[in-house]
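Architecture at a glance
One-letter residues, chain by chain:
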Amino acid sequence: MAPLNITSIKTSSNGVWQGDNPLDYAFPLLIVQTTLILVVSRFLAFLFKPLRQPKVIAEIVGGILLGPSAFGRNKTYMHRIFPSWSTPILESVASIGLLFFLFLVGLELDLNSIRRSGKRAFSIALAGISLPFICGIGVAIVLRKTVDGTDKVGFAQFIVFMGVALSITAFPVLARILAELKLLTTRVGETAMAAAAFNDVAAWILLALAVALAGNGEGQGHKSPLVSIWVLLSGIGFVIFMMVAIRPVMKWVGRRCSPENDVVDEAYICLTLAGVLVSGFMTDLIGIHSIFGAFVFGLTIPKGGNFAERLMERIEDFVSGLLLPLYFASSGLKTDVAKIHGGEAWGLLVLVISTACAGKIVGTFAVAMMCKIPARESLTLGVLMNTKGLVELIVLNIGKEKKVLNDEMFAILVLMALFTTFITTPTVMAIYKPARGATAKTNRKLGDLSTSSKYDSVVDQLRVLACVYGPGNVPSIISLIESTRSTKKSLLKLFIMHLVELTERSSSIILAQRARKNGFPFFNRSSRGEWRDRLSGAFQAYSQLGRVSVRPTTAISSLSTMHEDICHVAEEKRVTMIILLFHKHWRMEADEDDSGKAQEVLENVGHGWRGVNQRVLKNAPCSVAVLVDRGYGNGSHTPGPNATVAQQVCILFFGGPDDREALKLGERMAEHPAVKVTVVKFVEKEGANGNDNVVLRRSSSTTSEKRYSFSTAKMNPQHEKELDEKAMGEFRIKWGSMVGYIEKESGNVVEEVLAIGKSGDYDLIIVGKGRSPSIMVAELAERQAEHAELGPIGDILASSGHGVVSSVLVIQQHDVALTEEAPLSKVIDGYDKAEGSSRGKELSVGNDNTV
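An account of the accompanying structure is given in this report. Not measured: the values here are computed from a predicted model.

The two faces of a sheet get side chains in turn, since along a regular strand they alternate between them. Summarising burial for strand E14 (residues 807-812): six of the six residues are buried, a large majority. Burial along E14 is two-sided: Ser 807, Leu 809 and Ile 811 facing one way and Val 808, Val 810 and Gln 812 facing the other are all buried. Of the strand pairs in this sheet, strand E7 (residues 623-628) and E14 are connected by five bridges, and their pairing is antiparallel. Pairing of Val 626 across the sheet is with Val 810, part of E14. Two strands pair when backbone bridges link them, and strand E13 (residues 764-768) and E14 are joined in this way by five bridges, in the parallel orientation. Opposite Val 767, over in E14, you have Val 810 as the bridge partner.

Okay, structure coming up:
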């Protein structure tokens with residue numbers, strides 16, 4: 001094939017109708033390449049997800065598959081889709097993404113937190129760099145004598161590149177792995193992140209040294225040794241200039257763009273983006289790679305402010321989602337595994353991998369043991385610090401570009417980086433399990449609590465875990481907690497968990513760093529601790545008003561595993577009740593068309609959060625309450641420690657364990673002088689059904705979310721009825737005239753319940769989920785559920801369009817006997833109305849209750 005003059009390549013074609021093939025033109029071909037890379041890398045990321053592998057693995061493997069190692073063996077495909085003339089274009093676009101990504105990495109790296117990390121993290125990082133670097137020198141000597149072509153490269157350049165390639169830890173990739181494994185806020189995760197941050201800074205210094213020494217790589221020609229010194233000195237001068245001159249300017253810009261100053265910051269953002277490009281150009285001018293300039297410029301931006309967050313919002317999705325995969329894939333495209341041929345070459349690959357792993361793990365393990373870290377945690381730290389990634393690939397690409405690494409060496413080192421990162425997650429999962437809390441006495445439900453003794457002194461403390469999405473949830477949670485706070489000597493302990501979804505956005509790493517300071521499982525035990533956000537600040541202010549001890553924490557996790565964090569904290573902190581927020585939230589807003597009226601506005605945080613609630617309800621180690629918020633806690637109805645205005649609370653009682661738990665919560669609320677409790681007990685109207693039993697059958701429908709789930713456990717209905725009567729009797733004897741009591745004969749349960757919800761007489765309605773249903777609740781099994789996880793009564797009150805104005809609290813009592821649930825539907829005359837079938841196991845509610 002004749003050599004192609006790249007200057008003759010045109011940007012866009014005239015289209016197929018005029019005889020042009022778009023793949024012969026730069027821009028259409030770039031679109032095809034980008035689309036192909038994204039599709040393949042995303043598909044591989046999906047395949048690797050069960051293995052909890054970072055996305056970078058999928059992107060590199062995708063590039064290798066698309067390159068000469070696999071699909072590229074077909075020369076027609078390679079010349080058509082990835083011709084040699086298109087490589088500089090693809091890499092230029094990828095390099096822009098890399099430039100801005102490294103700016104984001106610099107933006108995330110908090111130098112102050114690194115300084116505060118202490119000697120332990122510094123020692124571990126130093127050992128994690130030094131020993132692999134020394135090992136890299138030894139490997140480099142062996143490779144120069146073995147691999148053809150490596151002896152043509154300058155000895156110093158080759159040694160430095162090999163040492164850097166083996167000693168790097170990938171800070172962003174490590175943060176992602178720690179978050180996935182839920183180790184981010186453990187002692188191991190905290191130490192690993194601090195050491196990796198030290199390592200990252202050292203890696204950039206070593207990289208600058210390597211590039212300065214490399215020059216033109218192979219065939220140094222007439223280059224003077226003084227050139228490397230000038231490059232290094234210029235690089236140091238550039239860093240000093242950025243920190244002394246540019247950093248104060250960026251701090252001023254950050255202050256100007258703070259929420260307190262109502263300034264349009266579009267111009268500042270554009271100038272900052274231009275600053276990234278100029279900084280990259282300056283370091284390229286000096287002779288150091290342009291990404292170094294972008295990274296240093298990122299360090300000058302003030303951390304944690306509004307300006308930094310705005311920058312991330314503008315850059316990261318486009319860069320991380322579209323441009324950065326091109327860079328990783330281009331590394332894979334340049335990797336030809338076929339260059340590693342023969343037993344000797346594969347032996348060298350094993351040698352490089354073994355040396356890299358041994359140097360990193362042994363060095364870290366030895367120093368960690370000297371720092372008196374337990375052996376298992378020390379070994380885990382070594383494996384975590386062995387994570388490779390972004391900087392590793394940058395080093396290898398620069399080495400190939402400068403001709404310090406030939407094709408065979410490049411392939412060996414890329415496979416080494418892939419292998420060491422790939423084994424991190426499974427190895428850590430195998431060798432390290434975070435220590436669980438001591439198995440102290442745990443009150444699993446409100447009924448387990450001894451509220452008072454003979455002399456009215458408190459025996460048990462109520463411990464509650466409340467999960468919130470953001471500051472908007474604060475009023476309703478505070479109002480609910482305050483209404484349950486006993487005004488006696490008891491001290492309510494409240495654990496607040498801020499739920500943050502772990503996404504692929506790099507800003508998740510910043511959130512994770514913040515969470516370290518008071519995150520799970522390290523709750524803030526010091527009154528002098530920093531309350532970093534409005535959410536924690538609001539609960540701190542509340543804790544100072546009443547006899548409530550508040551501990552904040554943050555859970556950063558993907559939605560599919562968020563329930564594990566919630567249940568683990570509930571178990572470890574021995575909480576009696578978990579409070580969840582319903583995924584739908586209603587608030588009242590003034591109608592713009594008619595100022596005299598207010599209209600209800602629905603906010604939905606998403607179906608993913610609904611799934612979190614469902615999984616917590618299924619796996620919780622204690623009782624669970626789901627709050628359907630319709631403005632509860634807003635305005636004058638919020639009870640305070642000295643409040644005199646009564647908050648109206650209604651408990652709907654049908655019978656069963658869940659309803660008895662609701663009654664127990666009502667007992668605590670009745671103690672509060674600012675809360676007026678009313679119990680509405682529903683009793684079956686005699687002869688209403690003409691039948692003492694309601695038969696339910698397991699639903700075979702695939703749409704189980706549209707069916708209510710009931711417990712399939714065999715229970716004695718007579719015993720349950722006695723327990724209901726006993727609970728209600730004790731409640732009325734204890735509180736007498738202090739609480740309202742209404743008994744309703746239910747003709748139509750749905751209409752009666754909706755009438756209470758629409759009346760506006762109550763701020764909060766408390767209902768049981770009804771997993772072991774009474775006849776009245778079982779009658780509702782034939783209804784199509786909108787929110788099956790709330791049970792029939794809770795669903796009626798939570799569904800939109802019914803005009804219900806009261807907030808609703810749905811309670812599920814912790815009872816091991818009721819954990820087995822199944823979607824059930826009502827059977828009429830032996831025929832399942834919903835399913836159109838007369839087969840299946842049955843559950844009879846009434847005089848007999850068996851499956």
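Still more to cover.
This brings us to the nonpolar core. Residues Leu 102 and Ile 394 are the most contacted members of the largest nonpolar core, which totals 145 residues. When near neighbours in sequence (up to four residues on either side) are disregarded, Leu 102 contacts Trp 204, Ile 291, Ala 294, Phe 295, Leu 390 and Ile 394. By size, the runner-up hydrophobic cluster in this structure holds 94 residues, among which are Leu 494, Trp 586, Cys 622 and Val 675.

The packing of two helices is summarised by the inter-axis angle and the distance between the axes. Between helix H13 (residues 306-333) and helix H16 (residues 390-401), the least distance of the axes is 10 Å, while the angle of their chain directions is 55°. When the axes of H13 and H16 are compared, the pair comes out oblique. For H13 against H16, the interelement crossing comes out left-handed. Across from Leu 324, Tyr 327, Phe 328 and Ser 331 in H13, the residues of H16 making contact are Leu 390, Leu 393, Ile 394 and Asn 397. Of the residues in the contact of H13 with H16, the class split is six nonpolar, two polar and no charged.

With eight of its eight residues buried, helix H27 (residues 791-798) lies for the most part within the structure. The set of residues buried in H27 consists of Gly 791, Pro 792, Ile 793, Gly 794, Asp 795, Ile 796, Leu 797 and Ala 798.

Next up on the list: the sheet that holds strand E4 (residues 577-581). With mixed pairing, ten strands are arranged side by side in an open sheet as E3-E2-E1-E4-E7-E14-E13-E8-E9-E12. Among the strands making up the open sheet, the edge pair consists of strand E3 (548-557) and strand E12 (740-746). For this sheet, the mean angle separating the axes of adjacent strands, direction not counted, is 20°. Here four bridges tie strand E8 (residues 647-653) to E13, and the two strands are oriented parallel to one another. Bridge pairing in E13 places Ile 651 opposite Ile 766. Of the strands in this sheet, E8, strand E9 (675-684) and E12 are in contact with helix H24 (residues 717-735), which crosses E9 at around 150°.

On to the environment of Thr 678. Among the structural elements, Thr 678 can be located in strand E9. Assessed through its relative accessible area of 8%, Thr 678 is described here as buried. Taking C-alpha positions, Thr 678 is 9.2 Å from Met 738, a pair spaced 60 residues apart along the chain. When sequence neighbours within four positions are dropped, the list of residues in contact with Thr 678 reads Val 649, Cys 650, Ile 651, Gly 740, Ile 742 and Tyr 762.

Here Thr 364 shows up in helix H14 (residues 343-370). With a relative accessible area of 0%, Thr 364 lands in the buried category. Non-local contacts of Thr 364, meaning those with residues more than four positions away in its chain, are made with Ile 124, Gly 128, Leu 381, Gly 382 and Met 385.

Thresholds, definitions, all that
- Residues numbered from 1 in each chain as written.
- Predicted model: local features only at pLDDT ≥ 70, side-chain atom pairs only at ≥ 80, totals over all residues.
- Heavy atoms only, no water.
- Buried < 20%, exposed > 50% of the residue type's maximum accessible area, 1.4 Å probe, protein only.
- Helix = DSSP H or I, 4+ residues; strand = E, 2+ residues; numbered from the N terminus.
- Pairing = 2+ DSSP bridges.
- Core = buried A, V, L, I, M, F, W, Y, C linked by side-chain atoms within 4.5 Å.
- Contact = heavy atoms within 4.5 Å.
- Axes fitted to C-alpha atoms, helices over the stretch in contact; angles between N-to-C directions.
- Parallel < 35°, antiparallel > 145°, perpendicular 65-115°, else oblique.
- Left-handed = near helix turned anticlockwise from the far one by under 90°.
- Nonpolar A, V, L, I, M, F, W, Y, C, P; charged D, E, K, R; others polar.

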